[in-house]
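What the coordinates show
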Amino acid sequence: MVQSAASPWPTLSPEARDLFRRGAEIVLHPRAEWIEELHEASLGGDSMRAVAEDPVLTEGTKRANLANLLHWAAANVQRPGERVAANLNQEVLDGARDMVRRGFDSGGLDAYRRAQGVAWRRWIEICFDLTSDPVLLRELLDVSSLSITTFIEDTVAAVSERMAAERTELTRGAHAERRATVTLLLEGAPISRSRAEAQLGYPLAGPHTAAIVWSGSVTPSSQQLETAAETLMRASGASHRLTVVASAAALWVWLPGRTQPRADRLAEDLAPHPDVRVALGRPGSGIDGFRRSHLDAAATQRMLARLTSPQQIARYQDIQLLALLTGDPAQAGEFIADTLGGLRHADAETRETVRAYVHELGNTTRTAERLYTHRNTVVRRLARADELLPRPLAENAVDVAVALETLRWLGSGA
């Protein structure tokens, strides 16, 4: 039960206070496995899935949970066993603000309570290591339970108030209107193109290339993100861009056009900003392309985060094969269609010839032997395959082979 502000707080004996201080000093220097367990618990479960799938929100939640743990420990080193004030440090407020900007309510703060369970279990272990005296142990655990629970609930209440104020602020002005319109478009809501274009100041009929620009820094700079978005626009040859502030550490960007900058050239341009990263979606047309390109960029961002990749720039095309191999059926179908083009629906002999040819490292004689057919037949089938493929087989042999192998296993359902 949470202690009300008007209720008297229990007083510890001098012996228990000393134990409490010693335990808090241990918590101030948590072991790596404690922190990992804390993060895993805080982001687990269906209620936190949307947060866990967003790399920026994930990192913000991790920073906030660690800040809560250290705040509670530091307070108990100074005043063992006394009520700990709610944590409104910058890490916590930044994380809460990002959740509001992504459209989450205070339910996202369930991460704090999930982390509380891990902290409590670890604290019990510490207490049992500090003393075996049953009287002292009971006194210590009774106050500890009250202290941890009250601190988390006080923090949730205080942060919820700040989130409500942030949400009120966001409902005023152009940013809120732009963010709301983009959300409707991404969700496939029935909003007319003319209305959306008027609210965004951005044409939706033509081609688009979406990007997510974000920072892995603990203290991201909004100016740095804006500079990176401007650099991306210039590198793409675009004259303007649509930018939505997704969080304190991320921008959603749309560029009119299909031209994507070379990753190595863009990386050179962004070298002065090593904390900034860019994920690019495939170009698309119209509202569907606007949506799909953004979803591609988001998938690329998630992949980089999941793999803890050091790459600063990534296009969806760069990670599409890797995404396929991680078992996403929808992405598998897209990869097959993009890679094979008309070859996807070609006769089985032609497809099998291409698979065998790649397996035999481009040797037509060995391919013919493998298929028990004439070499000229192999050559004709390969020529037919090149007519059907979006890119010549010689330029994309590995992807074609993987796509064909996947198609073979998926069969007609691909």
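Residues numbered from 1 in each chain as written. Predicted model: local features only at pLDDT ≥ 70, side-chain atom pairs only at ≥ 80, totals over all residues. Heavy atoms only, no water.

- As named in an unreviewed UniProt entry, the protein is DNA-binding PucR family transcriptional regulator, taken from Amycolatopsis roodepoortensis.
- The UniProt entry for the protein carries the following text under Sequence similarities (unreviewed entry): "Belongs to the CdaR family." (UniProt positions renumbered as here; feature names shortened; annotations may be inferred.)

1. A look at the pairing of strand 1 (residues 207-215)
- When you tally the buried positions in strand 1, you get 8 out of 9 residues, the bulk of the element.
- When strand 1 meets strand 5 (residues 284-285), the two strands line up antiparallel, connected through 2 bridges. Counterpart to Pro207 in the pairing with strand 5 is Ser285.
- Bridge count for strand 1 against strand 3 (residues 250-256) is 7 bridges, and the pairing is antiparallel. Within the sheet, the bridge partner assigned to Ala210 lies in strand 3 and is Trp254.
- In this sheet, strand 4 (residues 276-280) lies alongside strand 1 in antiparallel orientation, the contact comprising 5 bridges. (Buried < 20%, exposed > 50% of the residue type's maximum accessible area, 1.4 Å probe, protein only. Helix = DSSP H or I, 4+ residues; strand = E, 2+ residues; numbered from the N terminus. Pairing = 2+ DSSP bridges.)

2. Examining the UniProt feature "domain: PucR C-terminal helix-turn-helix" (unreviewed entry) in the protein
- Cross-referencing UniProt, the feature "domain: PucR C-terminal helix-turn-helix" (unreviewed entry) maps to residues 351-405 in the present numbering.
- The distance separating the terminal C-alpha atoms of residues 351-405 is 10 Å; by composition the span is 73% helix and 0% strand.

3. Thoughts on the environment of Ser13
- Here Ser13 is to be found in the segment before helix 1 (14-27).
- Taking C-alpha positions, Ser13 is 79 Å from Leu343, a pair spaced 330 residues apart along the chain.
- Apart from residues lying up to four places away in sequence, Ser13 is in contact with Leu136 and Glu139. (Contact = heavy atoms within 4.5 Å.)

4. Structural notes on the packing of aromatic side chains
- On inspection of all chains with the given rule, the structure shows 5 aromatic pairs.
- Consider the rings of Phe20 and Trp72, whose centres lie 5.9 Å apart with planes at 50 degrees: the pair is tilted. Taken together, the residues Phe20 in helix 1 and Trp72 in helix 4 (residues 55-78) connect sequence positions 52 residues apart.
- According to the relative accessible area criterion, Phe20 is buried, its value standing at 0%.
- Judged by its relative accessible area of 5%, Trp72 falls in the buried class.
- With centroids separated by 4.3 Å and ring planes inclined at 5 degrees, the aromatic side chains of Trp254 and Phe290 adopt a geometry described as stacked. Of this pair, Trp254 sits in strand 3 while Phe290 sits in helix 12 (residues 286-306); the two residues are 36 residues apart in sequence, bridging distant segments of the chain. (Phe/Tyr/Trp six-rings, centres within 6.5 Å; stacked < 30°, edge-to-face > 60°.)

5. Focus on the environment of His208
- Mapped onto the elements, His208 comes out in strand 1.
- Residue His208 is classed as buried on the basis of its relative accessible area of 0%.
- On a C-alpha basis, the gap between His208 and Val84 in space is 51 Å, while along the polypeptide they are 124 residues apart.
- Within the structure, His208 has its side chain in polar contact with the backbone oxygen of Leu204 (distance 3.1 Å).
- Reaching out from His208, the side chain makes a polar contact with the backbone oxygen of Gly286 at a distance of 3.2 Å. (Polar contact = N/O pair within 3.5 Å; in protein donor to acceptor, adjacent residues only side chain to side chain.)

6. Points about the pattern of salt bridges
- Inspection of every chain in the model, using the stated rule, returns 24 salt bridges.
- For the salt bridge of Asp18 with Arg22, the shortest nitrogen-to-oxygen distance reads 3.7 Å. Taken together, the positions of Asp18 and Arg22, both in helix 1 and 4 residues apart, correspond to about one turn of that helix.
- Accessibility expressed as a relative area gives 35% for Asp18, which makes it partly exposed.
- In this structure Arg22 comes out as partly exposed when scored by relative accessible area, which is 38%.
- In this structure, Glu125 engages Arg122 in a salt bridge whose closest nitrogen and oxygen atoms are separated by 3.2 Å. Taken as a pair, Glu125 and Arg122 lie in helix 6 (residues 110-130) at a separation of 3 residues, close to a single helical turn.
- On the basis of relative accessibility, which here comes to 39%, the residue Glu125 falls in the partly exposed class.
- We classify Arg122 as buried; its relative accessible area is 18%. (Salt bridge = Lys/Arg side-chain N within 4 Å of Asp/Glu carboxyl O.)

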